[in-house]
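# A closer look at the structure
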Amino acid sequence: MSSTLLEQTRAAHEEVERLERLVVRDLQTDPASNRDRLHQSHRVRHLIDRISATTTKLVEIYEDRDSARKDEIAVLGGQAGPGTTVFSVFYDRLKEIRDYHRRHQAWVVNDEDEFEQLLQEEPQIEFSGEEGSGRYLDLHELYNHYINLKFEDPIEYSAYLDGFPQVHKIPRKKKLTRKYKEYLGKLLEYLVYFFERTEPLQDLDRTFSKVTAEFEEEWANGKVLGWEREGQENGHVPAENNKIDLDDYSTIEDLMSVGPESLKEALAVLGLKTGGTVQQRAERLFLTKHTPLEKLDRKHFAKNSHGSEQNGVMAAPEQAEGSKEIALMEAKIEKLCEMLQETILRTKENVEKKQALTFEEMEAEREEEEVQADTESDDEEQQIYNPLKLPMGWDGKPIPYWLYKLHGLGQEFKCEICGTHSYWGRRAYERHFKEWRHQHGMRRLGIPNTKNFNEITSIEEAKQLWERIQERQGVNKWRPDLEEEYEDREGNIYNKKTFTDLQRQGLI
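Here the structure is a predicted model, which is why all the values come from computation and not from measurement.

## Quick word on the UniProt feature "domain: Matrin-type" (unreviewed entry) in the protein chain
According to UniProt, the positions carrying the feature "domain: Matrin-type" (unreviewed entry) are residues 413-444. Spanning residues 413-444, this segment combines 47% helix with 22% strand, and its end C-alpha atoms are found 21 Å apart.

Structure below.
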């Protein structure tokens, strides 16, 4: 690269433009497998990082804090100083360029080859065996950590996969421990690391900034899920676990009416001393209504709460600040779990499938995966030839033509109730009558999705059939005026309507 600042600027702009073209070329290629998709995403991420680094250098050059660019432009215009002209500056610069190339005669670089090699690189992405190249989560270590917290009775790993995204359902009293905070930190760290490996093009920092902004607003209003009213006013920890809302009591005498046991439990939750008379307890608890816990005198706290930890519970002055930090981590974890919802579902299905396999079947499957991983790169290099546009099978290859004809996958069925959605093959068509799309369409029509409406795909036909069914039900309906029988004293039988009319006339 030339020693002149303007040439460095031009070269930087050229590099950014070339990198942008490479990104477009790479994204125009559809990946054939999950592995190709990951490699493509990481290559594009690497190119974007290079573009960001180069543009940062360009911004620094244009800011020109040391006035080097301004001086160089002035020199090119013959304004270097007294006695200099445009021609003298030109020949001085020409001499400098010749000397530069004389010193670097062997330094020849083919920029085209250098940039083309960037598209041929295969990024090194590390996944554990359980993660299956980013298809599944590996939460066994975190599962063992969760079990050791003893929030509830021991649960299976599959049940943990169902419940770990719903951290807001854990009782608040059990959250205010350092062990739970450590568990959340490790869980958040793993989910972030996994997401960065599987979705490198996603801007996680921007997502977390949005989550934090929404969290701060909800925390100020006391509406954070699982932490309701935790962040209001003075920042103290309310005694709502014991059904005591200090806003409902204006004096100490009013607070004394809740009873000594309730006051004792509320003080214990806050880490305050629980002894003394009812009035002393009420006075101690009433202090927290207008004064944050961290500003209370140390003499009001129990002996084991002076900055230490009793049975793993945070000291009371730390609860307000610690609970907000824990709640923010929970919000980030729930957002990540929302973005990784499909991966979590695949992980659970994979765990349940493995639980149903014998040891021999698991070993055979593991060996098959190893062989498949060895031959995967060779297979992916071969372009898939599919002139008949046959559906892809589980192995990523077109299914055999005889199987395509056997299942009638070339036959199209359209359902007007499903929004003219197309179903290929008789099997898929018959199955769709019990699926959510058809059920939703029937619900919008106000018609129950029963067996009577199987094979009905037209909205008009469904409405006509529903009207006929309602009419038929009306004929068979019990009509007490005509079918309920009454008998007079002489033994004559009448229906209800006739009997009532004769009775009103006084004939019976």
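## Description of unusual backbone geometry
Of note, the phi angle at Ser-67 is positive, near 60 degrees, even though the residue is not glycine. Tracing the backbone shows Ser-67 in the loop between α2 (34-63) and α3 (68-76). Classification of Ser-67 as partly exposed rests on a relative accessible area of 31%. Although it is not a glycine, Thr-420 adopts a positive phi angle of roughly 55 degrees. Along the chain, Thr-420 falls in the loop between β1 (412-415) and β2 (421-424).

## Here's the deal with the nonpolar core
Counting 40 residues, the largest nonpolar core has Leu-139, Tyr-160, Phe-164, Tyr-180, Tyr-183 and Leu-191 as the members making the most contacts within it. Those elements that provide at least two residues to this core are α6 (140-149), α7 (157-163), α9 (178-198), α10 (204-220), α14 (316-339) and α15 (341-355). Dropping the residues within four chain positions of it, Leu-191 is found in contact with Phe-164, Ile-333, Leu-336, Cys-337 and Leu-340.

## Re the packing of aromatic side chains
Tallying each qualifying case throughout the model produces 13 aromatic pairs. Arranged with centres 5.5 Å apart and planes meeting at 75 degrees, the rings of Tyr-143 and Tyr-157 form a pair that is edge-to-face. In this pair, Tyr-143 sits in helix α6 while Tyr-157 sits in helix α7, placing the two residues 14 residues apart along the sequence. Neither residue differs from the other here; Tyr-143 and Tyr-157 are each classed as buried. Ring-pair connections join several aromatic residues into one group, and the members of that group are Tyr-143, Tyr-146, Tyr-157, Tyr-160, Phe-164, Tyr-180 and Tyr-183. Across the ring face of Tyr-193, the terminal group of Arg-197 is positioned such that the distance to the ring centre comes to 4.0 Å.

## Remarks on the pattern of salt bridges
For the structure shown, the criterion picks out 17 salt bridges. Here Arg-37 makes a salt bridge to Glu-199, at a shortest N to O gap of 3.8 Å. On the criterion of sequence distance, the pair formed by Arg-37 in helix α2 and Glu-199 in the loop between α9 and α10 is long-range, its members being 162 residues apart. In this structure Arg-37 comes out as partly exposed when scored by relative accessible area, which is 28%. Take Glu-199: its relative accessible area is 29%, and that puts it in the partly exposed class. Of the charged contacts in the structure, one is a salt bridge between Arg-426 and Glu-455, with a shortest N-O distance of 3.0 Å. Taken together, the residues Arg-426 in helix α18 (residues 426-431) and Glu-455 in the loop between α19 (436-445) and α20 (459-475) connect sequence positions 29 residues apart. The network of salt bridges with shared partners includes Glu-7, Arg-10, Glu-14 and Arg-18.

## Re empty space enclosed by the protein
Considering all chains together, one arrives at two cavities of 30 Å³ or more under this definition. In terms of lining, the second largest cavity is formed by Tyr-146, Ile-147, Lys-150, Phe-151, Glu-152, Asp-153, Pro-154 and Ile-155.

## Quick word on the state of the cysteines
For the coordinates displayed, the defined rule picks out zero disulfides. Not engaged in a disulfide, the cysteine Cys-418 finds its nearest cysteine sulfur in Cys-415; these two sulfurs lie 3.5 Å apart. On the basis of relative accessibility, which here comes to 10%, the residue Cys-418 falls in the buried class.

Calculation rules
Residues numbered from 1 in each chain as written. Predicted model: local features only at pLDDT ≥ 70, side-chain atom pairs only at ≥ 80, totals over all residues. Heavy atoms only, no water. UniProt positions renumbered as here; feature names shortened; annotations may be inferred. Helix = DSSP H or I, 4+ residues; strand = E, 2+ residues; numbered from the N terminus. Buried < 20%, exposed > 50% of the residue type's maximum accessible area, 1.4 Å probe, protein only. Core = buried A, V, L, I, M, F, W, Y, C linked by side-chain atoms within 4.5 Å. Contact = heavy atoms within 4.5 Å. Phe/Tyr/Trp six-rings, centres within 6.5 Å; stacked < 30°, edge-to-face > 60°. Lys NZ or Arg CZ within 6 Å of the ring centre and 35° of its normal. Salt bridge = Lys/Arg side-chain N within 4 Å of Asp/Glu carboxyl O. 1 Å grid on protein atoms, 1.4 Å probe; cavity = no way out; pocket = protein on both sides within 12 Å on 5 of 7 lines; lining within 4 Å. Points joined across faces, edges and corners; volume = space filled by probe spheres on them. Disulfide = S-S within 2.5 Å.

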